[in-house]
Amino acid sequence: ASSQQMLSQASSAMRNALTALSLSEQEVANLKQTVKELQERPAEGTNEIIEREREELRRAQERVADLSGAFRQLQSEVARVRYEKEGFDMPVAMSLPVRIAPELASRVTVIAQLVMLGYSYEDGEMALDAVVVNDLHLALEWLEGRHAAKTQFSLTQRRKEVLEGESMKYITSRTDEEVREEIRMRSSQQPELKQQTTATRAPRRAGESVEEVREIGRVRTARTGRSSVYAKRGQLDMYDTRKRACSMMICMAINPPGSVNGLTKQASEQIAQRCIEGLARLAHSRSAFMILTLGGQRCAFDCLKLYEGNPKMVSACFKLIRALTSNPMTMIHVKKQQRFRLLPTAISKAAGLHQDRVDIIGEGAHTLWSANALGGKDVQDRVRNAGFLPYVKKMLSMSDLDDPEGKYRRKMMGLIFSLAMGNQAVQKFLVVEGYRALLRKTLQENPHLAFDGEFSSLHVWLKEEFSNPSELPKLEMLKYATPVGRALSMQYGKDEKASATQKRAAAMRERMKRRGATPEQMYFAKKRVISMLCKIALNPPGSVAGVSKDESEEIAYRSLLALARIAERRGAYLVLTCGGPRTAVDCLRYYLHNPDMMYAAMRMLRALLTDQSTMSRLKKQVRFRILPSAILDAVARHPDDLEMKAEAVHALWSYTGIGGKPAQETVMDCGPVLEHIKSGLAQARADTGSNQYLPTIRKFLGCALSLAKDNKDIQDKLVEVGLRSAIRKTLSENPEISFHGEFGMLRDWIRGDRGGAKSVTRSNKSTTRSERNAAERVLDAGTQDDTKSSVPHINALNMFNDA
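For clarity, every value in this text was computed on a predicted model and none was experimentally measured.

J.: I'd like to hear about the overall build of the protein chain, residue by residue, with values.
T.: Each helix and strand in the protein chain was counted, giving 38 helices and 0 strands. When the 803 residues of the protein chain are sorted by exposure, 43% land in the buried category. Considering only intrachain contacts with a sequence separation of at least 6, the fraction spanning at least 24 residues in the protein chain is 73%.

And the structure:
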């Protein structure tokens, strides 16, 4: 009775200590807020008041420290008393958590309650990091779901230690001959013991708990004469061991042992491959959260860049990413990362080097399938524009695909179905591009494929294909005379060119690595090359070097064009820092008579204006203000050069996109820009035989619409010169042109019958309703579905570049 009374008093004391700890923490928080307010408003309080409040804050913090120490001491005392007085397993303090008001609960108080329940301090911190909020019950569910070890004091364990001590005394008191005789007897009985152990081993019964099963296993292990090291190793030790192993595998996957340790490059990559495959297997089991917290997502993305030429490594990285995006414990954390936005592009680039391997395309499709299910419409649009779907189309169109069981076909079909889920725009795209016809073909050839009702909402959409079959896509992309055919051919050529560029870049990096070049050396070499090109563009070799004037200008043109290509391929920042803008503006002045130089200079300026790493820096330069006048001077000098004029208006489009209304006014004040746009648009529409028909028209339209965006005065000027009707007619003739929602707010203005322009032009009878509707649909395509607001210029540009 006295023992029970003492325990109840100790439990009450611990409750009081915990309540005092929470109140003291609240007091510290209030005092910190008071000091902060006094510091922000020094006129209302003197320095003496601030010092007095700070002194109270220091005393409150000392009380919190004292209470924390007293709480730990009290917890240890209660544990010791229970260990000595009680003969059965009990938690350290109590069986139920303390009820504390939610406004007084903090991280320290929740961890304190978990420690009172018998969990370790590290497990408590890990639980709160996992559940994010300071909620005791959520933390308890997280710990119990992972069978976290509790601190328990058992009389049976005490008796076991006593018996082990007595057995050790008995062993030390025996002679050497007795010990040797007993060893011989045990070795002769070892096979019989193994047979008995195998015969008596029984499966876990339904009524047994996890702790009981572990205790039985420890007892049987001790009886069979095996090592007792595993019996003393707790669950937390195993968790730490697994954590260290995962961390080591992540580090070795990124930095495997190389030539310093006497290993070849193939052996190092094989070690990294085994590490990634092991992480993927662990992530598919119960270790997904641990791998994510240790950097598994970053490791997978880095390995996709480091080992992009190894198909087995790429496949293992895809499996690891899919395990993290499909696990319920990690999917929300993965969705919040910036790498999740880059996932479709990364998978498309990695798969582009192995587009002929069905296993790589299948695993990539499976990964994007899980990403679509997690991210919704935003991810669906990114996957659609990432360039991965042509690889899927190619694989599903092949009749001799190496997939007898249909495993990879199912993954690719799941990707297409996940793209169509709840997205009507993507559904139309899949119908037009022939993906729905491929679904029909694959299902007819493989009727055993099933998705367990995941895509049951697409039943009507797929049934339309069976009732009215559409034409299957062809592997060979033919060049048609129509603009739509040219657009498809250009898209196919763009994908093929991007894939070839990736292969050449990977081969170049491999050659440089074999020569012993480090990434730092390659970076500085690239920087020296860009500086040299800038100088040659301004000062080409002339008559002194025995080169004619035409040859000098040709050398300058090639140098400037090389700078433009470097700026378009992730080298814009180096071009900017090495003097690229100055070189472009000076070339616009020095070589005004040469249209090729004007084209190359405007192309480089457009690349610098559209790159996110250079646009803000270029905007702060003085040259940013004189760019429109220099560009329009070149256009006025060469009015018949359509290609140069299209690149000029493209640069002005980018200029107004990042400069806003001041940039629009600057462009309008520099010359007759609207006349140049109108005449260039007419020339582009007449040039129907060009392979750049749609991109050229799109540049003129984008420049005119960027000037009219959020500016009613310029909108009225466009109506006066007849540009609105020309834009509307061009959009109705070419509905495949898309601005990805950048000009969604101009839907009413482009129609002309809802306001937004002068009334004298709204009564134009030559404009039909179908033409107005077609133009409105083109501008409305790609706008945000929730608010019907326009997409920013840079985001729309990125979507176009990824398409």
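J.: Lay out the pattern of salt bridges with the relevant residues and their values.
T.: By the definition in use, this model includes 16 salt bridges. One salt bridge in this structure joins Lys411 and Glu363, with 2.7 Å as the shortest N-O distance. Taken together, the positions of Lys411 in helix α20 (residues 407-420) and Glu363 in helix α17 (residues 358-375) put the pair 48 residues apart, joining distant regions of the chain. A relative accessible area of 5% means that Glu363 is categorised as buried. Salt bridges sharing common partners tie together Glu568, Arg603, Arg606, Glu647 and Lys699.

J.: Let's hear about helix α3 (residues 107-116): which residues, and what values?
T.: Of all 10 residues making up α3, 8 are buried, and the element is well covered by its neighbours. Looking at α3, one finds that the buried residues are Thr109, Val110, Ile111, Ala112, Gln113, Leu114, Val115 and Met116. Positive backbone phi, approximately 110°, marks Gly118, located one or two places after α3.

J.: I'd like a rundown of helix α18 (residues 377-385), residues and numbers included.
T.: Among all positions of α18, only Val379, Gln380, Val383 and Asn385 are buried. Remark: Gly387 follows α18 within two positions and exhibits a positive phi of approximately 90°.

J.: Describe unusual backbone geometry, and please don't skip the residues or the numbers.
T.: Its identity as a non-glycine residue notwithstanding, Asp452 has a phi of 55°, on the positive side. Within the fold, Asp452 resides in the loop between α22 (435-445) and α23 (459-467). Of the residues examined, Asp452 reaches a relative accessible area of 76% and is grouped as exposed. Unusually for a residue other than glycine, Arg570 sits at a positive phi of about 65°. By relative accessible area, which is 70% here, Arg570 ends up exposed.

J.: Which residues make up the packing of aromatic side chains, and what are the values?
T.: A ring pair, where both rings are aromatic, is described by two values, the distance of the centres and the angle of the planes. Per the stated rule, a full pass over the model turns up 13 aromatic pairs. With a centroid separation of 5.3 Å and 70° between ring planes, the pair formed by Phe739 and Phe743 is classed as edge-to-face. For the cation-ring pair, Arg384 lies above Phe429, with the distance from its terminal atom to the ring centre recorded as 4.5 Å. A cation over an aromatic ring shows up here: Arg724 above the ring of Trp749, its NZ or CZ 5.9 Å from the ring centre.

J.: Quick one: what's the story with the environment of Tyr590, residue by residue and with numbers?
T.: Secondary-structure assignment places Tyr590 in helix α27 (residues 580-590). Along the backbone, Tyr590 and Leu538 are 52 residues apart, and their C-alpha atoms lie at a distance of 8.4 Å.

J.: An account of the packing of α27 against helix α30 (residues 623-637) is requested, with residue identities and associated values reported.
T.: Running from N to C, α27 and α30 cross one another at 30°; their axes reach a closest spacing of 11 Å. Classified by the angle their axes make, α27 and α30 are roughly parallel. For α27 against α30, the interelement crossing comes out left-handed. Only Arg623, Ile626, Leu627 and Ala630 of α30 make contact with α27, whose side of the interface consists of Pro581, Arg582, Val585, Leu588 and Arg589. Split by residue class, the contact of α27 with α30 holds 6 nonpolar, no polar and 3 charged.

J.: How would you sum up the side chain of Asn423? Please name residues and give values.
T.: One can find Asn423 in the loop between α20 and α21 (424-432). From its side chain, Asn423 meets the backbone nitrogen of Val426 in a polar contact 3.3 Å long. Contacts of Asn423, omitting those with residues within four sequence positions, involve Lys377, Gln380 and Asp381.

J.: How would you explain the side chain of Lys411 if you had to name every residue and give the values?
T.: The class for Lys411 is buried, based on a relative accessible area of 10%. Contacts of Lys411, omitting those with residues within four sequence positions, involve Gly362, Glu363, Ala365, His366 and Trp369.

J.: Please set out the confidence of the model for the protein chain residue by residue, giving values where relevant.
T.: Of all residues in the protein chain, 70% have pLDDT values of 70 or greater, and the mean over the chain is 76. Highest mean pLDDT in the protein chain belongs to helix α14 (residues 311-326) (92); lowest belongs to helix α9 (residues 229-232) (46). Counted against residues more than four places away or in other chains, residues 476-492, with its pLDDT under 50, gives 24 contacts. Counted against residues more than four places away or in other chains, residues 756-765, with its pLDDT under 50, gives 17 contacts.

J.: Residues and numbers for the nonpolar core, please.
T.: As a rule of thumb, soluble globular proteins bury nonpolar side chains together. If you look at the biggest cluster of nonpolar residues, it comprises 92 residues, and the most contacted ones within it are Ile276, Phe388, Met412 and Leu415. When residues in this core are grouped by element, the largest group, 9 residues, is from α14. The contacts of Met412, once residues within four sequence positions are left out, are Val358, Ile361, Gly362, Ala365, Val392, Met395, Leu396 and Leu401. With 86 residues, the next largest nonpolar core counts Leu560, Ala572, Ala726 and Val778 among its residues.

J.: Quick one: what's the story with a positive patch on the surface, residue by residue and with numbers?
T.: Taken together, Lys305, Arg339, Lys349 and Arg570 make up a surface patch of like positive charges. Residue Lys349 is classed as partly exposed on the basis of its relative accessible area, which comes to 34%.

J.: Tell me about a nonpolar patch on the surface, and name the residues and values.
T.: A cluster of nonpolar side chains, contributed by Val132, Val133 and Leu138, occupies part of the molecular surface with about 240 Å² of accessible area. With respect to the secondary-structure elements, Val133 resides in the loop between α4 (121-131) and α5 (136-145).

J.: Residues and numbers for the packing of α14 against α17, please.
T.: Contact geometry for α14 and α17: axes closest at 9 Å, N-to-C directions at 20°. Relative to α17, the element α14 is oriented roughly parallel. Note that α14 runs across α17; the crossing there is left-handed. Where α14 approaches α17, its residues Pro311, Val314, Ser315, Phe318, Lys319, Ile321, Arg322, Thr325 and Ser326 are matched on the opposing element by Ile360, Glu363, Gly364, His366, Thr367, Ser370 and Leu374. Taken together, the residues of the contact of α14 with α17 sort by class into 6 nonpolar, 7 polar and 3 charged.

J.: Quick rundown of the environment of Pro404? Include the residues and the values.
T.: In this fold, Pro404 is placed in the loop between α19 (389-397) and α20. In this structure the C-alpha to C-alpha distance between Pro404 and Asn446, which are 42 residues apart in sequence, comes to 9.8 Å.

J.: Break down the state of the cysteines for me, citing the residues and quoting the values.
T.: According to the stated counting rule, one finds 0 disulfides in the structure shown. Free cysteine: Cys251, not disulfide-bonded; nearest cysteine sulfur from Cys299 at 8.5 Å. We note that Cys317 lacks a disulfide partner, and the nearest cysteine sulfur, in Cys303, lies 4.8 Å from it. Among the residues examined, Cys317 registers a relative accessible area of 0% and is labelled buried.

Definitions and limits used
- Residues numbered from 1 in each chain as written.
- Predicted model: local features only at pLDDT ≥ 70, side-chain atom pairs only at ≥ 80, totals over all residues.
- Heavy atoms only, no water.
- Helix = DSSP H or I, 4+ residues; strand = E, 2+ residues; numbered from the N terminus.
- Buried < 20%, exposed > 50% of the residue type's maximum accessible area, 1.4 Å probe, protein only.
- Contact = heavy atoms within 4.5 Å.
- Salt bridge = Lys/Arg side-chain N within 4 Å of Asp/Glu carboxyl O.
- Phe/Tyr/Trp six-rings, centres within 6.5 Å; stacked < 30°, edge-to-face > 60°.
- Lys NZ or Arg CZ within 6 Å of the ring centre and 35° of its normal.
- Axes fitted to C-alpha atoms, helices over the stretch in contact; angles between N-to-C directions.
- Parallel < 35°, antiparallel > 145°, perpendicular 65-115°, else oblique.
- Left-handed = near helix turned anticlockwise from the far one by under 90°.
- Nonpolar A, V, L, I, M, F, W, Y, C, P; charged D, E, K, R; others polar.
- Polar contact = N/O pair within 3.5 Å; in protein donor to acceptor, adjacent residues only side chain to side chain.
- pLDDT = per-residue confidence, 0-100.
- Core = buried A, V, L, I, M, F, W, Y, C linked by side-chain atoms within 4.5 Å.
- Patch = residues over 30% accessible without salt bridge, like charges linked within 9 Å, V, L, I, M, F, W, Y side chains within 5 Å.
- Areas by Shrake-Rupley, 256 points an atom, 1.4 Å probe, with all protein chains shown as cover.
- Lys, Arg positive; Asp, Glu negative; His and termini not counted.
- Charge placed at Lys NZ, Arg CZ, Asp CG, Glu CD.
- Disulfide = S-S within 2.5 Å.

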